[in-house]
Amino acid sequence: MAPDSGARWLPSRKANLMKIRSASILLISLVGAASARTVMEEVPGGARVSSNQMVTPAGRVARVEGARPKDAALSPNGRTLAVLAQNQVILYDTSTRAARSVPLSPGPLGIAWASNSTLYVSGDDGQVFRVNAAEGTARPVKVAEVVAAGASGPAGARSNSPNGKDLVPLEAPKGNPQVAGLAASKDGRRLYVTLGIRNAVLVIDLAENKTLARIPVGVAPYRLALSPDGGTLLALNRGGREAKAGEKSGPSAESRVLVDAGTDAALRGSITFVNTRTFAAVSVDAGRQPSAAVFSADGRAAYVANSDDDTVSIVDVARRKVKSAFSVRPPQDPGFGQMPNDLALSSDGKTMFVSCGGANAAAAVDVATRRVKGYIPTGWFPIAVATRGDRLFVASSKGFGSRRLNSQGASNVHGTVGTVQFIGAADWKDLRATTRRVAANNHWGAFELPARKGIAPAPVPARVGEPSVFHHVVYIIKENHTYDLDLGDMPEGNGDKSLCIFGEKITPNEHAISRQFVLLDNTYTSGTNSADGHQWTDSALANAYQEQNYSSNARSYPYDGGDALAASPSGFLWNAAVKARKSLRVYGEFVNKPSVVDPATGKEPTFKQLWDDRAAGSNRYRITAATDTAALRPYLHPNYIGWPVIVSDQYRADTFLADLKRFEANGSMPSLCMLLLPCNHTSGTDPGFPTPRASVADNDRALGRIVEGISRSAFWKDTLILVIEDDSQFGVDHVDGHRTLAFCVSPYTRRGVVVSEPYNHTSVLRTIGLTLGIPAMNRFDRTATPMTACFTSTPDLRPFTSVESNVPLDELNPSLSALSGQRLRLAAASHRQNFTSYDRADPSVMARAAWHSQRPGIPFPAKRFHAIVDDD
């Protein structure tokens with residue numbers, strides 16, 4: 001079938017059935033996901049990525065190897081495109097696409113040109129960098145240390161740099177203020193700097209090296225936009241105004257954000273209008289998470305992208321008022337998930353281009369009618385857009401996915417290949433064709449159809465609300481492993497034994513479950529680390545705020561909630577279950593306030609103390625769970641926590657199995673149970689903690705005990721157990737760093753077969769939704785591939801018998817004094833890591849420590865493990 005065959009896929013107000021059917025045919029032809037051996041393989045002109053989408057970027061594409069673009073800006077003369085990536089600024093000649101790279105450590109976003117040769121870039125740890133972009137002289141120079149204290153005014157123009165000009169401390173240091181959006185005056189004399197955590201904008205006189213003003217704005221200012229005449233500055237505040245006492249609110253860094261009572265997601269943003277002559281400021285409410293703004297040529301109007309509303313607002317600048325908003329959500333793709341995050345106007349002002357991160361596309365909008373004319377395909381998660389003449393430039397954060405290739409094959413999940421597109425007028429003039437391409441890439445037309453009457457029960461019904469053979473789902477989330485790391489030694493699947501360090505000796509239950517039920521060897525994590533991984537596992541997406549903050553987690557690392565801005569506006573699985581009137585019990589997930597304490601001393605015990613206490617049955621220590629996610633609290637087990645991993649997964653299994661006995665005694669089990677089993681994260685070779693193999697074996701044994709307990713319970717006949725890792729950054733994998741462990745266990749699960757259908761986090765969530773009658777939360781789980789290939793219509797009620805561990809679960813890492821050489825170096829490196837919470841440790845240290853503890857004397861596969869310099 002030719003790419004332009006079938007129905008015309010242009011946005012319209014009403015989608016008809018013929019278009020839906022035509023789109024389905026087109027989708028199969030162009031994507032062919034069901035027949036793909038692997039999700040993450042590159043194909044001509046694009047790639048399949050682990051969010052169940054295709055990316056086929058238009059125009060000429062530059063690859064950004066091993067880094068994610070975060071922001072972009074054109075020089076005033078349009079000759080240079082500066083792209084801010086997570087570890088560098090890349091300067092592209094817009095005519096030749098030749099690139100020069102300037103290494104630095106950036107903030108979440110922020111790039112502004114002061115002239116054709118000088119630009120300013122937001123840095124980590126409260127810094128702003130000046131970059132000289134003249135031919136052959138590009139280099140980073142720290143221009144201002146803007147670590148902000150709580151002081152009401154600037155500290156003056158002191159300087160401690162050698163020449164008295166390059167480094168100016170603007171305020172007394174007090175933590176990282178999170179420098180983000182920047183704007184520069186046309187004359188290059190003034191720089192405006194957002195402090196995201198301090199909820200303020202600094203005005204810096206660059207010629208005099210002094211701060212002119214510190215202007216309070218709303219919560220989490222991220223973007224700035226300066227009017228054409230330079231008289232008005234817009235600060236876009238993701239969190240809106242600060243919540244008042246008594247208002248429904250949630251945390252984000254040092255602020256309280258107004259939240260939706262149903263989802264705990266940020267309720268609205270705000271726009272602060274700043275008079276750049278008087279520094280007077282006025283703030284007004286805006287859409288959810290305003291993320292970009294652009295002024296009309298005359299400065300009378302401004303357009304603001306609201307990434308968590310899928311809308312663009314029209315702002316009356318003179319009246320300081322948001323007039324209206326229009327959606328960039330195509331009718332054929334309903335539900336939240338387009339995530340508009342940047343804007344640019346064509347030179348004639350008639351067309352607005354909107355980078356839609358969730359659609360992997362740029363929307364072309366008719367400014368006069370406010371209607372989307374069509375969509376242009378981009379890389380994975382476009383995050384910045386710019387225009388010049390009839391050319392369009394798009395930087396995509398995840399680009400082609402984790403495809404940083406080398407002579408040895410696929411890399412770790414952090415081996416991202418970002419993309420920068422140079423799109424000419426010819427590449428997007430046929431918006432009908434480009435829109436059809438975007439439709440196919442995103443599975444447009446996969447609507448939530450009404451349930452039919454008279455349908456026989458099935459393991460996974462075709463439509464939400466149709467009967468299932470299952471009445472209960474137990475959803476288990478584990479931590480950080482690739483497929484090859486644990487199951488690469490299984491000859492039945494597509495594994496690489498040379499990369500398997502926690503094979504059958506360490507994980508006998510994972511292997512037994514895979515052999516007795518289905519071996520899933522083509523399942524992927526949709527996210528990258530625990531910060532976005534737990535969002536994907538719980539809500540089927542990571543929002544634009546999460547993507548913008550990748551590797552710049554100054555505000556938070558929200559694997560466990562604790563940041564209202566990271567929450568999906570369409571809610572979490574627990575919100576959807578409650579809304580569908582399903583009973584619910586949650587164990588450990590989103591417990592961001594755990595407590596493990598010895599009541600007698602008030603101190604936190606060690607792993608060994610807790611282990612011995614469990615063995616003795618003395619219950620000396622108090623373990624309690626609490627969360628800032630208010631809607632979750634009524635359903636949370638009060639004594640089941642995730643982190644810290646001083647608590648063994650055997651305790652977690654004990655806790656759930658005790659509940660299971662009570663469920664049996666009462667004759668009732670919740671429709672949905674969600675469990676966190678985190679100990680396979682390990683603590684490296686940190687002395688006093690379990691060895692890597694003991695931690696993984698602990699996790700494996702707990703999983704086996706839970707599966708056995710359910711399979712021998714009264715609820716086995718109608719219970720489905722689904723297991724997946726939240727992310728896969730711990731190990732390497734010969735297929736792709738996103739490929740992970742997953743398990744599907746039930747009486748209706750096929751026995752002893754390999755299932756190689758491409759699944760991911762959204763597949764698991766869609767399967768749960770169809771099974772329990774829970775409607776899709778957003779566009780990603782609505783368009784997901786359910787795990788139907790795992791099931792048969794004939795039940796097999798044989799229970800699972802768990803396997804005892806082959807290693808002591810309380811085997812501890814030796815002290816530093818007992819080590820030497822490489823083992824000492826890795827143990828010392830492990831000891832320096834931050835294990836107070838998820839993923840604070842360097843994943844490369846963790847991987848190396850685990851590798852050498854299991855494979856002494858065998859070189860670590862460093863060429864496959866492209867870890868980033870990150871604070872994750």
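A few points on the structure.

Quick notes on the rules
- Residues numbered from 1 in each chain as written.
- Predicted model: local features only at pLDDT ≥ 70, side-chain atom pairs only at ≥ 80, totals over all residues.
- Heavy atoms only, no water.
- Helix = DSSP H or I, 4+ residues; strand = E, 2+ residues; numbered from the N terminus.
- Buried < 20%, exposed > 50% of the residue type's maximum accessible area, 1.4 Å probe, protein only.
- Contact = heavy atoms within 4.5 Å.
- Areas by Shrake-Rupley, 256 points an atom, 1.4 Å probe, with all protein chains shown as cover.
- Expected span 1.5 Å × (residues − 1).
- Pairing = 2+ DSSP bridges.
- Axes fitted to C-alpha atoms, helices over the stretch in contact; angles between N-to-C directions.

### So, the overall build of the protein
So, point 1. A count of helical and extended segments in the protein gives 15 helices and 45 strands.
So, point 2. A buried classification covers 64% of the 872 residues belonging to the protein.
So, point 3. Here the contacts in the protein between residues at least 6 apart in sequence split such that 65% fall between residues at least 24 apart.
So, point 4. Carbon and sulfur atoms form 50% of the exposed surface of the protein, whose accessible area is close to 29,500 Å².

### A closer look at helix α12 (residues 761-772)
Because an α-helix completes one turn every 3.6 residues, residues spaced three or four positions apart along the sequence face the same direction.
So, point 1. The first and last C-alpha atoms of α12 sit 17 Å apart over twelve residues, in line with the 16 Å expected at 1.5 Å per residue.
So, point 2. Burial runs high along α12: twelve of the twelve residues are buried.
So, point 3. Residues of α12 that are buried include every one of H761, T762, S763, V764, L765, R766, T767, I768, G769, L770, T771 and L772, and no others.

### Considerations on helix α3 (residues 431-442)
So, point 1. Look at α3: 16 Å from first C-alpha to last across twelve residues, which is about the 16 Å you get at 1.5 Å a residue.
So, point 2. A large share of α3 lies buried, amounting to ten of its twelve residues.
So, point 3. Along α3, the positions that sit buried rather than exposed are L431, T434, T435, R436, R437, V438, A439, A440, N441 and N442.
So, point 4. Just downstream of α3 lies H443, where phi reads positive at about 60°.

### A word on the sheet that holds strand β41 (residues 672-676)
So, point 1. Strand order across the open sheet formed by five strands is β38-β41-β35-β42-β43, with mixed pairing between neighbours. With one partner strand each, in any of the chains shown, β38 (584-587) and β43 (742-745) form the two edges of the open sheet. The mean angle between the axes of side-by-side strands here comes to 10°, regardless of whether they run parallel or antiparallel.
So, point 2. Where strand β42 (residues 719-725) and β43 come together, four bridges link them in antiparallel fashion.

### A look at the pairing of strand β6 (residues 80-85)
So, point 1. With respect to burial, β6 is a largely interior element, six of its six residues being buried.
So, point 2. What you see with β6 is no split at all: T80, A82 and L84 on one side and L81, V83 and A85 on the other are buried throughout.
So, point 3. Sheet topology places strand β5 (residues 69-74) next to β6; five bridges connect them, and they run antiparallel. In the sheet register, L74 faces β6, and the bridge partner there is L81.
So, point 4. Following β5, the chain reverses through five residues before pairing antiparallel with β6; G78 in that reversal takes a positive phi of roughly 75°.
So, point 5. Two strands pair when backbone bridges link them, and β6 and strand β7 (residues 88-93) are joined in this way by six bridges, in the antiparallel orientation. Each residue of the ladder has a partner; that of T80, found in β7, is D93.
So, point 6. The antiparallel hairpin formed by β6 and β7 contains two residues in its connecting segment.

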